[in-house]
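# Architecture at a glance
Residue strings, one per chain:
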Amino acid sequence: MYLKNFCLPFFLSITLGFFSCNSEDSGTVSENEEFIDEGEGKVVGLLDNVEIKEYVLKNKNGMEAVILNYGGIVKSLLVPDKNGNLQDVVLGFDSIGQYLRTENPYMGAIIGRYANRISRGVFVMDGRSYTLESNDNENSLHGGIKGFDKVVWNAAKKGNSLRLRYVSIDGEGGYPGNLNVEVMYELTDDNELKITYAATTDKPTPVNLTNHSYFNLSGDYSESVLNHILHLNADKYTPVDETLIPTGEIARTGGTPFDFTTPKAIGEDIQQVPGGYDHNFVLNKLGDSLTLAATLYHEGSGRFMEMFTTEPGVQFYSGNFLDGSLTGKGGKPYQKHAGLCLEAQHFPDSPNRPEFPDTILQPGEKYSQTTVYKFSIK
Ligand code: GLA
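Cut-off values and rules
- Residues numbered from 1 in each chain as written.
- Predicted model: local features only at pLDDT ≥ 70, side-chain atom pairs only at ≥ 80, totals over all residues.
- Heavy atoms only, no water.
- Helix = DSSP H or I, 4+ residues; strand = E, 2+ residues; numbered from the N terminus.
- Buried < 20%, exposed > 50% of the residue type's maximum accessible area, 1.4 Å probe, protein only.
- Contact = heavy atoms within 4.5 Å.
- Areas by Shrake-Rupley, 256 points an atom, 1.4 Å probe, with all protein chains shown as cover.
- Near = heavy atom within 4 Å.
- Polar contact = N/O pair within 3.5 Å; in protein donor to acceptor, adjacent residues only side chain to side chain.
- Nonpolar A, V, L, I, M, F, W, Y, C, P; charged D, E, K, R; others polar.
- Pairing = 2+ DSSP bridges.
- Axes fitted to C-alpha atoms, helices over the stretch in contact; angles between N-to-C directions.
- pLDDT = per-residue confidence, 0-100.
- 1 Å grid on protein atoms, 1.4 Å probe; cavity = no way out; pocket = protein on both sides within 12 Å on 5 of 7 lines; lining within 4 Å.
- Points joined across faces, edges and corners; volume = space filled by probe spheres on them.

Assigned secondary structure in the protein chain consists of two helices and 28 strands. For the protein chain, the proportion of its 378 residues judged to be buried stands at 58%. Partitioning the intrachain contacts of the protein chain with sequence separation of at least 6 by distance along the chain shows that 66% fall at a separation of at least 24. As presented, the protein chain carries roughly 15,100 Å² of accessible surface, and 51% of it is formed by carbon and sulfur atoms.

Here A199 shows up in strand 14 (residues 192–201). Judged by relative accessible area, which is 0%, A199 ranks as buried. Spatially, the C-alpha atoms of A199 and L361 are 8.6 Å apart, while their sequence positions differ by 162 residues. Discounting residues that sit within four places of it in the chain, A199 has contacts with V29, L179, N180, V181, L361, E365, K366 and Y367.

Let us now look at the site of the ligand. The environment of the ligand is made up of 13 residues, and the closest members are R117, H142, H212, D278 and E343. One nitrogen or oxygen atom from the side chain of R117 is found 2.6 Å from an oxygen atom belonging to the ligand. Within the contact set of the ligand, an oxygen atom lies 2.8 Å away from a side-chain nitrogen or oxygen of H212. Here the ligand, which alone exposes 310 Å², has 95% of that area covered by the protein. In the shell around the ligand, the residues fall into seven nonpolar, three polar and three charged.

A few words now on unusual backbone geometry. Generally, phi is negative for residues other than glycine and the peptide bonds are trans, each holding for most cases. Note that the residue after G112, namely R113, is joined by a cis bond; omega there is 0 degrees. Tracing the backbone through its elements, the reader meets R113 in the loop between strand 6 (109–111) and strand 7 (117–118). Phi at D349 takes a positive value of approximately 60 degrees, unusual for a residue other than glycine.

A few words now on the sheet that holds strand 5 (residues 86–88). Sheet strands pair by backbone hydrogen bonding; their relative direction is either parallel or antiparallel. Taken in spatial order, the five strands make up an open sheet running 1-2-3-4-5, and their pairing is antiparallel. For this open sheet the edge positions go to strand 1 (42–47) and strand 5, each flanked by a neighbour on one side alone. Taken pair by pair, the neighbouring strands of this sheet meet at an average axis angle of 20 degrees, ignoring direction. Relative to strand 2 (residues 50–58), strand 1 runs antiparallel, the two sharing five bridges.

When pLDDT is averaged along the protein chain, the result is 92; 90% of the residues meet or exceed 70. Taken as a whole, residues 3–25 scores under 50 in pLDDT and shows 25 contacts with residues more than four places along the chain or in a different chain.

This structure, assessed with the given rule, holds two cavities of 30 Å³ or more. In this structure, the second largest cavity encloses a volume near 50 Å³. Taken together, G112, R113, G143, K146, G147, F148, S168, E172, G173 and Y175 make up the lining of the second largest cavity. Within the lining of the second largest cavity, the residues separate by chemical class into two nonpolar, five polar and three charged.

Next comes the structure, spelled out in structure tokens:
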């Protein structure tokens, strides 16, 4: 259950006037109503006669993020290196058409209704069985065939922030309940890309939202990320079966290739992990405060990224399925390990794992998550 102590935030929010709350229906997610489409969105494509637009967020240090209303995709993110040179540190495509192709492996997108896998696309809730769309072996991955990464969101920009809204209707992808979702992207003057998620529902439903950006801090996607130094604030992780579904065990990372508690190169032990890293790490934390999940460092450029999240887990995916078949930005192919994802999340397959932190959102509750990617130089 999310937000178990709902009364206090409810009254605080009324006082502060941030969001309204209707406990019976899926309700308005927030009152970020001062956001207006300033007409700044540039039309870059069409999907079923709906305009795909891109929005540019800038901060005072020259950082720039380009975000699409399609899938809430972070299309580019310009970050300075140690010499002040701005380079794009996220993988993606030059043309919108490439984002629309089914081969697009969730580049930069918002993932939902349930990020990561649900075993065999089935779960039981309150004695009733629900069948989702299976799209990854027999499993349901990242919301199914048409997840939140493949829909056009309602976008409105204000200053350095972009507000995205989407209503996922009852039954979409097999999920119960109308879900009102709001995602806010903010590019702060502290060189942070801050992502805030909120959702409300009118029926109990699993919810697990994330962002699927592939990072390569070198800014040169022909260079693999195996030389990046990763620190994961996780003494434990969830081992998986051959279809990447957790076995249920919560294992210690210490003394295994999964130990990133002391920063190490991603390539150091990757040969010992069949297929490469694609695992949920259990973050060292109590509760849902915003804490350090990971750091990532690229020595050549000096770029350093810190990731903070309110979530209990992070999926570290080392770009194992990239195989050179996708042409990336600048016409270069994305080879294996050309980028890596750090996806803040609840644990995979939680609706089938009562022992994992609960992912069922109830009517009257509010799902909320904050994840921050902060950039600096070392
Ligand atoms: C996630 C999954 C990976 C893979 C990628 C997309 O990160 O965990 O197994 O499916 O998405 O290719």
